[in-house]
Amino acid sequence: MTIREHIWDLLATRNDNLYSRIYDWVMLFAIVIGILPLIFREYHMIFWYFDLISGVCFLLDYLLRWMTADLSSKHHRHRIVAFLTYPFRPMAIIDLLSILPTFNLISNTFKIARVSRLLRLLRVIKVVRYYEPLLIILSVIQRQGRILWTVFSLAIFYIFITALIMFNAEEEINPETGRYLFDSFFDAFYWAACTLTTVGYGDLYPVSHVGRVISIISSMVGIAIIALPSGIVTAGYIDELRNRRKAKEALKEKSDNP
């Protein structure tokens with residue numbers, strides 16, 4: 001294997017080897033210390049070192065992935081195309097943007113790169129690449145995308161219908177404001193979404209008997225609709241784990257019996 005192939009083997013998250021796992025944990029640590037300042041209002045000096053360490057790790061990771069772009073791209077037979085298109089991949093763009101806040105530490109001339117602290121939030125998305133359970137969830141969502149989209153469409157349709165019914169059925173006046181309890185259709189839509197998901201903030205609720213009956217029915221049906229994607233994702237997650245386990249066993253048998 002060439003050096004670039006060894007590097008790509010190290011970067012590949014799905015590889016079940018010690019060095020790849022160590023690399024993933026190092027990058028996860030860099031992500032954690034990179035977003036740690038976001039949970040504090042005050043800026044402490046130690047955050048400067050955290051940002052520098054995480055920024056260096058992100059930069060090296062970006063360069064290494066760019067250097068091996070042809071090995072992971074569908075254009076692997078056309079190396080120049082793979083190298084040229086890599087910076088425009090979604091994850092590569094996120095990687096680059098997550099590096100930009102670090103340039104503030106190097107020179108004041110890069111202050112324009114600080115599009116507020118929000119750029120650091122992009123570092124959270126990088127967790128997907130190094131945390132295998134999230135990769136499995138994304139794989140399940142991608143495979144079951146059509147079914148999940150159908151369930152999502154059903155939920156939106158049900159929220160719209162319930163909001164429409166409630167908006168026209170609940171005609172009570174709010175004594176505090178002197179206006180309708182559901183003053184606009186958006187209020188009714190917001191209430192229907194909260195009811196469907198069983199969140200129940202309590203800021204909007206019906207007071208008439210008709211409105212309460214509608215609320216009861218909406219809550220009961222909402223529980224069933226919300227349970228659908230949970231069951232689909234859970235079943236898909238178990239299947240994905242089983243498939244990965246079989247693939248690892250097959251790879252191990254192949255290596256034991258060359």
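Everything numeric here is computed off the predicted structure, so don't read it as measured data.

Bringing the packing of helix H3 (residues 45-67) against helix H6 (residues 90-99) into the picture now. For the pair H3 and H6, the least separation of the axes is 9 Å and the interaxial angle reads 150°. The angle between the axes of H3 and H6 places the two elements in the roughly antiparallel class. Crossing of H3 over H6 shows left-handed handedness. Between H3 and H6, the contacting residues are Phe-58, Leu-59, Asp-61, Tyr-62 and Arg-65 on the first element and Ala-92, Asp-95, Leu-96, Ser-98 and Ile-99 on the second. In terms of residue class, the contact of H3 with H6 is built from six nonpolar, one polar and three charged.

Its location among the elements puts Phe-189 in helix H12 (residues 185-196). A sequence separation of 33 residues divides Phe-189 from Ile-156, and the C-alpha atoms of the two residues are 9.8 Å apart. Not counting chain neighbours up to four residues away, the residues in contact with Phe-189 comprise Ile-159, Phe-160 and Ala-163.

Next up on the list: the packing of aromatic side chains. Scanning the entire structure with this criterion turns up 11 aromatic pairs. Relative to Phe-185, the ring of Phe-160 has its centre 5.6 Å away and its plane inclined at 65°; by these criteria the two rings are edge-to-face. Of this pair, Phe-160 sits in helix H11 (residues 145-169) while Phe-185 sits in helix H12; the two residues are 25 residues apart in sequence, bridging distant segments of the chain. For Phe-185, a relative accessible area of 26% translates into the label partly exposed. Taken together, the ring pairs in this structure connect Phe-160, Phe-167, Phe-185 and Phe-189 into an aromatic cluster.

So, about the packing of helix H1 (residues 3-11) against H3. Relative orientation and spacing of two packed helices are given, respectively, by the angle between their axes and the distance between those axes. The geometry of H1 relative to H3 is characterised by a closest axis approach of 9 Å and an angle of 125° between their N-to-C directions. It follows from the interaxial angle that H1 and H3 lie oblique. Regarding H1 and H3, the two cross each other, and that crossing is left-handed. Across from Arg-4, Ile-7, Trp-8 and Leu-11 in H1, the residues of H3 making contact are Asp-61, Leu-64, Arg-65 and Met-67.

Turning to the confidence of the model for the protein, a few remarks are in order. In the predicted model, the protein carries a mean pLDDT of 79, and 84% of its residues have values of at least 70. This model gives residues 110-114 a pLDDT under 50, and the stretch forms seven contacts once residues within four places in sequence are excluded.

Compared with the 16 Å implied by 1.5 Å per residue over 12 residues, the 16 Å span of H12 between its first and last C-alpha is a close match. Within H12, the full set of buried residues consists of Ala-188, Trp-191, Ala-192, Cys-194, Thr-195 and Leu-196. With its phi angle positive at about 55°, Thr-198 sits one or two positions after the end of H12.

For the rest of this paragraph, the subject is the nonpolar core. The biggest cluster of nonpolar side chains holds 16 residues, and the ones touching the most others in it are Tyr-23, Met-27, Ile-31, Phe-58, Tyr-62, Tyr-86 and Tyr-130. Elements supplying a minimum of two residues to this core: H1, helix H2 (18-35), H3, H6 and helix H9 (127-130). No other element matches H2, which puts five residues into this core. Ignoring any residue separated from it by four or fewer positions in sequence, one finds Tyr-86 in contact with Tyr-62, Arg-65, Trp-66, Ala-69, Ala-92 and Asp-95. In this structure, Tyr-158, Ala-192, Ile-214 and Ile-225 belong to the second largest nonpolar core, which totals 13 residues.

Here we take up H2. Along its 18 residues, H2 runs 26 Å from first to last C-alpha, staying within 8% of the 26 Å computed at 1.5 Å per residue. Regarding H2, the residues found buried are Ser-20, Tyr-23, Asp-24, Met-27, Leu-28, Ala-30, Ile-31, Ile-33 and Gly-34.

Okay, the pattern of salt bridges next. Inspection of the entire model under this criterion finds three salt bridges. For Asp-61, the salt bridge goes to Arg-65, with nearest N and O atoms at 3.0 Å. In this pair, Asp-61 and Arg-65 are both assigned in helix H3, four residues apart and thus about one turn of the helix distant. Comparing Asp-61 with Arg-65, the two get one shared label, buried.

Calculation criteria
- Residues numbered from 1 in each chain as written.
- Predicted model: local features only at pLDDT ≥ 70, side-chain atom pairs only at ≥ 80, totals over all residues.
- Heavy atoms only, no water.
- Axes fitted to C-alpha atoms, helices over the stretch in contact; angles between N-to-C directions.
- Helix = DSSP H or I, 4+ residues; strand = E, 2+ residues; numbered from the N terminus.
- Parallel < 35°, antiparallel > 145°, perpendicular 65-115°, else oblique.
- Left-handed = near helix turned anticlockwise from the far one by under 90°.
- Contact = heavy atoms within 4.5 Å.
- Nonpolar A, V, L, I, M, F, W, Y, C, P; charged D, E, K, R; others polar.
- Phe/Tyr/Trp six-rings, centres within 6.5 Å; stacked < 30°, edge-to-face > 60°.
- Buried < 20%, exposed > 50% of the residue type's maximum accessible area, 1.4 Å probe, protein only.
- pLDDT = per-residue confidence, 0-100.
- Expected span 1.5 Å × (residues − 1).
- Core = buried A, V, L, I, M, F, W, Y, C linked by side-chain atoms within 4.5 Å.
- Salt bridge = Lys/Arg side-chain N within 4 Å of Asp/Glu carboxyl O.

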